[in-house]
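Below are the chains, spelled out letter by letter.
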Amino acid sequence: MDAESQDRFREFVQSRSSALLRTAVLLCGGDRHAAEDQLQTALVKVAGRWSRVEDPEAYVRQVLYRQQVSWWRLKWPRREVAVAEPPERAGDGGESAAELRVVMRGALARLTPRQRSVLVLRYYEDLPEADVARILGCSVGTVRSTAHRSLARLRSLAPELAALGPAAAEASPPRDISPVEVRP
């Protein structure tokens with residue numbers, strides 16, 4: 001890679017790494033360390049092809065999704081996912097955006113990697129079902145059924161997310177929470 005390409009690559013990493021890391025954290029179920037490793041691996045792959053990549057952010061995202069798919073297709077996962085329980089709530093019963101983010105990350109972490117990938121692609125990245133199916137290498141029907149089952153499981157794991165229903169989500173959607181419509 002020549003000096004000009006290196007400068008463009010550095011600029012890209014500096015400007016887009018935080019957004020890409022947020023996506024990686026969601027794909028990894030809230031495990032920031034695994035997400036950082038996943039993003040670093042993706043950026044290494046992009047650096048090797050930098051001169052041929054037309055849309056680097058799309059390419060990095062594609063690599064992130066495919067790495068996640070490769071991980072959940074393994075017969076024996078290589079690592080355990082540690083999940084911390086959300087803290088006790090204050091007495092008034094209302095939840096702040098920070099508490100909802102903690103609950104959402106905890107609930108996402110308890111989903112299977114496949115369910116988490118479908119929800120992140122479909123609702124956080126706001127991709128159509130056909131694109132999600134193409135990225136994950138499965139059929140549109142599989143994406144639909146997985147999304148349906150994943151949302152049902154998410155509702156059962158974190159009923160407190162009902163506060164993020166359509167009206168609450170439109171009023172003030174926290175950026176770190178996937179805008180998943182959760183109904184009681």
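Residues numbered from 1 in each chain as written. Predicted model: local features only at pLDDT ≥ 70, side-chain atom pairs only at ≥ 80, totals over all residues. Heavy atoms only, no water.

- Identification of the chain as RNA polymerase sigma factor from Streptomyces alboflavus is taken from an unreviewed UniProt entry.

### Notes on the overall build of the chain
So, point 1. Each helix and strand counted, the chain has eight helices and zero strands in total.
So, point 2. Shown N-terminal to C-terminal, the secondary structure of the chain runs as helices and strands in the order α-α-α-α-α-α-α-α.
So, point 3. The 184 residues of the chain split such that 40% are buried.
So, point 4. Across the chain, the fraction of contacts at a sequence separation of at least 24, relative to all contacts at a separation of at least 6, is 67%.
So, point 5. Carbon and sulfur atoms provide 50% of the accessible area of the chain, an area that totals close to 10,400 Å². (Helix = DSSP H or I, 4+ residues; strand = E, 2+ residues; numbered from the N terminus. Buried < 20%, exposed > 50% of the residue type's maximum accessible area, 1.4 Å probe, protein only. Contact = heavy atoms within 4.5 Å. Areas by Shrake-Rupley, 256 points an atom, 1.4 Å probe, with all protein chains shown as cover.)

### Remarks on the side chain of Ser150
So, point 1. Residue position: Ser150 is located in helix H7 (residues 140-157).
So, point 2. A polar contact is formed between the side chain of Ser150 and the backbone oxygen of Thr146, at a distance of 2.5 Å.
So, point 3. Contact partners of Ser150, with chain neighbours within four places excluded, come to Leu111, Gln115 and Leu119. (Polar contact = N/O pair within 3.5 Å; in protein donor to acceptor, adjacent residues only side chain to side chain.)

### Description of the packing of helix H1 (residues 3-27) against helix H5 (residues 113-124)
So, point 1. Axis separation between H1 and H5 bottoms out at 9 Å; the angle between their running directions is 140°. Of the possible angle classes, the one that applies to H1 and H5 is oblique. Seen from H1, the contacting residues are Arg22, Thr23, Leu26 and Leu27; seen from H5, they are Arg116, Ser117, Val120 and Tyr124. (Axes fitted to C-alpha atoms, helices over the stretch in contact; angles between N-to-C directions. Parallel < 35°, antiparallel > 145°, perpendicular 65-115°, else oblique.)

### Quick look at the nonpolar core
So, point 1. Counting residues in each nonpolar core, the largest one holds 43 residues, and the members touching the most others are Leu39, Val60, Leu64, Leu121, Leu136, Leu154 and Leu161.
So, point 2. For this core, the secondary structure elements donating two or more residues are H1, helix H2 (32-48), helix H3 (56-73), helix H4 (97-110), H5, helix H6 (129-136) and H7.
So, point 3. The leading source of residues in this core is H1, at eight residues.
So, point 4. Residues within four places of Leu64 in sequence aside, it is in contact with Leu20, Ala24, Leu27, Gln38, Leu39 and Ala42. (Core = buried A, V, L, I, M, F, W, Y, C linked by side-chain atoms within 4.5 Å.)

### Topic: the packing of H5 against H6
So, point 1. Two elements in contact, H5 and H6, have axes separated by 9 Å at closest approach and are oriented at 140°. In this view, H5 runs oblique relative to H6, as classed from their interaxial angle. Crossing geometry of H5 relative to H6 is assigned as right-handed. Every residue of H6 that contacts H5 at Ser117, Val118, Leu121 and Arg122 is listed here: Glu129, Val132, Ile135 and Leu136.
So, point 2. When the residues that make up the contact of H5 with H6 are grouped by side-chain class, the tally is five nonpolar, one polar and two charged. (Left-handed = near helix turned anticlockwise from the far one by under 90°. Nonpolar A, V, L, I, M, F, W, Y, C, P; charged D, E, K, R; others polar.)

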